[in-house]
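# Commentary on secondary and tertiary structure
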Amino acid sequence: MRRIVAFLAALLMTAGGLVLAATTTATAAVVPRTPPLTTPWTGQVSTTNPLPEYPRPQMTRPDWMSLNGEWEFLNPPTNGAGNVDREAAPPLGRTLPERILVPYPVESALSGIMRNDDRDLMFYRRTFTVPPDWNGRRVQLHFGAVDYEATVWVNGTRVTSHKGGYDRFEVDVTPQLRAGAANEIVVRVYDPTDARGEKQPVGKQTTDPSGIFYTPTSGIWQTVWLEPTPVTSIHSVDIRPDLAAGTARVKVFTRGSTTGHTVRAEAIGGGQVVSTATGGFTEFAVPVPNARRWSPDDPFLYDLRVTLRDAGGAAVDTVTSYFGMREVGTQRVDGVLRPTLNGEFVFQIGTLDQGFWPDGLYTAPTDAALASDLVKHKDLGFNMVRKHIKVEPARWYYHADRLGLLVWQDIPSTQAFDSTRTPAQIAQFETEAREIVDEHRFSPAVVAYVPFNEGWGEWNLDDTRRITTALENQDPARLMNAHSGYNCCASKGDPGTGDMIDWHVYTGPDAPRPSATRISVLGEFGGIGLRTPGHEYSPNGQFFAYEQVGSAAQLDDRYTGMVRDVQRLMTTKGVSAYVYTEITDVEGEYNGLLTYDRRIQKVDTARLRAAHGTLIAASRNLGSTPVHTLGHVRSFRVTTPGHTARYLRHADSLARTDVLTPASADGARQDASFRTVPGLADPRCLSFESVNLPGRYLRHAGDRARVDADTGGTFAADATWCARPGLAAGGTSYESLNFPGSYLRHYADAVHLARSGGPDPWDTASSFAADATWNTTEPALWRSSVLLPTDVRRSLRVTTWGHTDRYLRHADSLAWTEVVNAGSGALLKQDATYTVRRGLADSSCYSFESVNYPGRFLRHAASRVRNSPSDGTALFREDATWCARPGLGGTGVTFESLNVPGSFLRHFESAVYLASGSGSAGADRPQTLTADSSWSLEAPWAP
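Below is a summary of the structure that appears in this document. All of these numbers come straight from a predicted model, not from anything done at the bench. (Residues numbered from 1 in each chain as written. Predicted model: local features only at pLDDT ≥ 70, side-chain atom pairs only at ≥ 80, totals over all residues. Heavy atoms only, no water.)

Here the focus is the overall build of the protein chain. Helices and strands together make up the secondary structure of the protein chain, namely 13 helices and 58 strands. Computed over its C-alpha atoms, the radius of gyration of the protein chain comes to 32 Å, within 12% of the 30 Å expected for a compact globule of 943 residues. Considering only C-alpha atoms, the protein chain reaches an extent of 100 × 70 × 50 Å along its principal axes. Within the protein chain, buried positions represent 60% of all 943 residues. Of all intrachain contacts in the protein chain linking residues separated by at least 6 positions in sequence, the fraction that spans at least 24 positions is 65%. On the protein chain, roughly 32400 Å² of surface is accessible, and the fraction owed to carbon and sulfur atoms is 50%. (Helix = DSSP H or I, 4+ residues; strand = E, 2+ residues; numbered from the N terminus. Rg over C-alpha atoms; globule rule 2.2 N^0.38 Å. Buried < 20%, exposed > 50% of the residue type's maximum accessible area, 1.4 Å probe, protein only. Contact = heavy atoms within 4.5 Å. Areas by Shrake-Rupley, 256 points an atom, 1.4 Å probe, with all protein chains shown as cover.)

See the structure below:
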């Protein structure tokens, strides 16, 4: 978390936030109803001062007054025809019959009303007294959000009206106030949700909740507050980081006359002023020297103190904001268009976060609850969250900013599966969308906007193109995901606009291929459900998930397998981000990683963090130069003229070079072969694991290169090598991560960490470039990174969850999987048993000879795997040779085709194939590829 000045620390970080003693409080007449489920925060809700925290962290002033708490309430009945009068006169100067706790929605238990019917019209009323020390200042009345159409009266005068359930609005009420006396405020709200033909933006709200649509939110659902400002004051501050220039670009918007006024801006880092700049009311630059860049790994926030000064230089108004020095864009990485943060591609791993609560619906019960789902994302290793078809209070984005989570912000959709829109309704949608974009320009966490989802409420493709292009131009500093899931549901088709091409695939994963202008993302997938009795709620008693598992262990296996499948998709199809459905259960949907009440976490934190970390590490490695394929085995051949028959190998732990060939002894070839993994200390670089001593890595120690197990201390850095273009032609050089400028170099048969021109004999500049350049692109001397015993019988068991009683067997020459157990017949047991042989085409890989048909081998032909006798051709020998590597599914062994690298022995719907997971259907689809391609070698069924 950032270090901030004492003022902001007191203002934002204390448990209660800043609330003036002058705040008007009511007696605790409101009694919250019993929600269908309680969260850990339900009982912490104050009925006199709920959500007391300062509501606008991105632009703070010391004086303000919360109007949250008890309000009077009237919900008039419909007339005989079932209609309401949206222009009904306000009930001024009289007590209303009910009490409601603001800012909780009318339908929520915390409001004390908990009513969901078709009355759709409501009135709120309360009184307040302005503190005496506000005299002489203007008073602004703020509403965080009111769903949907709000009209406000103060002391009998109509002061403003507003349409839109997701954006804030404010009004200067100074002329209507009575000094030193009680002031009356009345709010009329009209909210038909998805009824009465209004077709307003509603997101997932519906008057008849079921399935993936939920209980609606009506009325005031975010904080209401008052703020005194000078007559001439700061209205808002736009801050745009410019990493290339090392500045923050600032533009200040004001109220009142600013003739002769100037703006002073101070950038504050770690509690210290780092720079100051003066400007006017056009954009100007504030230097940020040696800027610390904001990212999920280091979410450092600078404060910005902005002072409005009059012609004499006196301070008129001061606000404090914050910003993160970060930049979002796209660029090609290994020829594939990828999203970047601060110029680097890191795979974006997120969940669908819908922001519903069983006690408060759209409104989290407390600020701690509001932050909790984001904290849980960080705990589980996510670096992104898609805020799905909802907009949260400003404090939610502040929590994302300080915690370091990238945010894809959806624009709430109009009524789903209904494409009929009037010009006025279209214009209103666009107005609300523009306002949502404007309100989130402050947040470094917000990196993308999503205007359309699965065609919900989409009326025609041309307008989709027009609107998404306009919004992208409105905020070009962020990415545009024009239509998430355009391949689904009510979509009018791919608009072709924006920066992302986005599929939804349940359960998935799968993704489109990127184009020259758009990155590939998997906008929704997953939906794996685990029931949790006692922690579920459905308005209609029905429950839904895209797929169901029976235990937390199964959910862990299924989810982490999906992450591994996505990692394959990252390299085979170019996907750059995913959104898993979803972080919590929501009403009848039980596919969350947490229950709806947030009391039960269904998944294991360590397993998810590890899976996410592996994917992120692999993504960072994609940009390495030269490119090295992770997981593959490579040998280091010397490139120095006259010594090119020599290879780096380990002997008695030390690294040396020896003359080796494919005909050399097995042990020597294994010593000279290493599996490539992400750098132990930096995934942008590489580490090399010994093939025949798993868990031991090529590292330097005391200037000598050797193969060791983890010794702690600096081991991870010592074993991390950054691939560089060869210092000499014809290969690659490997620079030490922790000793920049020092390279892996052979010298007099030994291998050292050496620096050209250094003090030791192996540092000699003579032949240094050639000696420190290695050929690692040729096939390794030993291609398998898992060593198997040969000339022994084994049976290959499926490791995919739910099918682990199945074994690979042959029938009518084709390969299948079938349940085999002790009671199975002798023929089936023989069909499911193979003798492991040295590879017919490469002795460092393996072939599988049928036990009951000697001379027949497991081979691929036209993607199908079968048992066939050798025809004596080289093609047959290659088709029947499989190189072993650690199981892609995290367990067992995966068998990669010798002659079709990147394709694996895979079972699919009882049959066995050669598959890469790069297709869109059938055996070559990516779903469960990693699990289906992992096999456990078991004792033979036919000994």
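A few words now on the pattern of salt bridges. Summed over all chains, the structure comprises 70 salt bridges. Across the salt bridge formed by Arg466 and Glu430, the nearest N and O atoms sit 2.8 Å from each other. With Arg466 in helix H5 (residues 461-474) and Glu430 in helix H4 (residues 423-439), the pair connects residues that are 36 residues apart, well separated along the chain. (Salt bridge = Lys/Arg side-chain N within 4 Å of Asp/Glu carboxyl O.)

The next subject is the pairing of strand S12 (residues 224-229). Among the 6 residues that make up S12, 6 are buried, leaving the element largely enclosed by the rest of the structure. Bridging between strand S1 (residues 65-66) and S12 involves 2 bridges; their strand directions are antiparallel. By the bridge assignment for S12, Ser66 is matched with Trp225. Sheet analysis places strand S5 (residues 138-143) next to S12, joined by 6 bridges and oriented antiparallel. (Pairing = 2+ DSSP bridges.)

Take the packing of helix H2 (residues 367-379) against helix H3 (residues 394-403) next. In the contact formed by H2 and H3, the axes pass within 10 Å of each other and the chain directions differ by 35°. The handedness of the crossing between H2 and H3 comes out as right-handed. Between H2 and H3, the contacting residues are Asp367, Leu370, Ala371, Leu374, Val375 and Lys378 on the first element and Arg395, Trp396, His399, Ala400, Arg402 and Leu403 on the second. Among the residues forming the contact of H2 with H3, the class breakdown is 7 nonpolar, 1 polar and 4 charged. (Axes fitted to C-alpha atoms, helices over the stretch in contact; angles between N-to-C directions. Left-handed = near helix turned anticlockwise from the far one by under 90°. Nonpolar A, V, L, I, M, F, W, Y, C, P; charged D, E, K, R; others polar.)

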